[in-house]
Amino acid sequence: MQQCLYRAHWFKEHQNLNNSHSKEIPMANAKTEGLALYHFETCPYCQKVRRTMSELGLDIELRETRQNPAFREEQLAGGGKGQVPCLRIEKNGTVTWMYESDAIIDYLKAL
């Protein structure tokens, strides 16, 4: 539920973007299909990644692992550790788990 609220809040905040930039957002969001960010709301490294997502206009599914134990279990089973932030990248049926905020930010900027 909080994940949906964060997305709704993000879209509400960014509705007033100028027209040229707002046209770019749907294209950017198409690039984020298959991405999910495992995070804690109060983690400073997670905040850094979420800030970059907002600046780039990227809509990435957020999975809060402290509030939803199922997300933490999923991350541990797939990625092998519970470190956040962690970006789950699913492309062509292959899943990759990326850790470290700077690496995640570099990946997002390259989209």
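Below, the structure is looked at part by part. Because the structure is predicted, anything quoted here is derived from the model rather than measured.

1. Looking at the sheet that holds strand 1 (residues 35-39)
Next, step 1: The four strands are arranged 2-1-3-4 in an open sheet whose pairing can be described as mixed. Looking at strand neighbours, the two that pair on one side only are strand 2 (61-64) and strand 4 (94-99), the edges of this open sheet. With strand direction ignored, the average angle separating the axes of adjacent strands in the sheet is 20 degrees.
Next, step 2: One ladder, built from four bridges, connects strand 1 with strand 3 (residues 86-91); its direction is antiparallel. Its bridge partner lying in strand 3, Leu 37 is registered against Leu 87.
Next, step 3: Contacting strand 1 and strand 2, helix 3 (residues 44-56) runs over the sheet at an angle of about 145 degrees to strand 1.
Next, step 4: Here helix 4 (residues 69-79) sits on the sheet in contact with strand 1, strand 2, strand 3 and strand 4, set at roughly 105 degrees to strand 4.

2. Thoughts on the pattern of salt bridges
Next, step 1: Taken as a whole and assessed by the stated rule, the structure comprises five salt bridges.
Next, step 2: In this structure, the salt-bridge partner of Glu 41 is Arg 50, at a minimum N-O distance of 3.8 Å.
Next, step 3: Take Glu 41: its relative accessible area is 30%, and that puts it in the partly exposed class.
Next, step 4: Judged by relative accessible area, Arg 50 falls into the buried class, the value being 6%.
Next, step 5: Three or more residues joined by partner-sharing salt bridges are found here, namely Glu 61, Arg 63 and Glu 74.

3. Some points on the nonpolar core
Next, step 1: By size, the foremost hydrophobic cluster in this structure holds 14 residues, and its most contacted members are Leu 37, Ile 60, Leu 87 and Leu 108.
Next, step 2: Looking at this core, the elements with two or more residues in it are strand 1, helix 3, strand 3 and helix 5 (101-109).
Next, step 3: No other element matches helix 5, which puts four residues into this core.
Next, step 4: Not counting the four nearest positions on each side in its chain, Leu 108 is found in contact with Leu 35, Val 49, Met 53, Leu 56, Leu 58, Ile 60 and Leu 87.
Next, step 5: Core analysis: the second largest hydrophobic core is formed by six residues, Ala 36, Tyr 38, Cys 86 and Tyr 99 among them.

Analysis parameters
- Residues numbered from 1 in each chain as written.
- Predicted model: local features only at pLDDT ≥ 70, side-chain atom pairs only at ≥ 80, totals over all residues.
- Heavy atoms only, no water.
- Pairing = 2+ DSSP bridges.
- Helix = DSSP H or I, 4+ residues; strand = E, 2+ residues; numbered from the N terminus.
- Axes fitted to C-alpha atoms, helices over the stretch in contact; angles between N-to-C directions.
- Contact = heavy atoms within 4.5 Å.
- Salt bridge = Lys/Arg side-chain N within 4 Å of Asp/Glu carboxyl O.
- Buried < 20%, exposed > 50% of the residue type's maximum accessible area, 1.4 Å probe, protein only.
- Core = buried A, V, L, I, M, F, W, Y, C linked by side-chain atoms within 4.5 Å.

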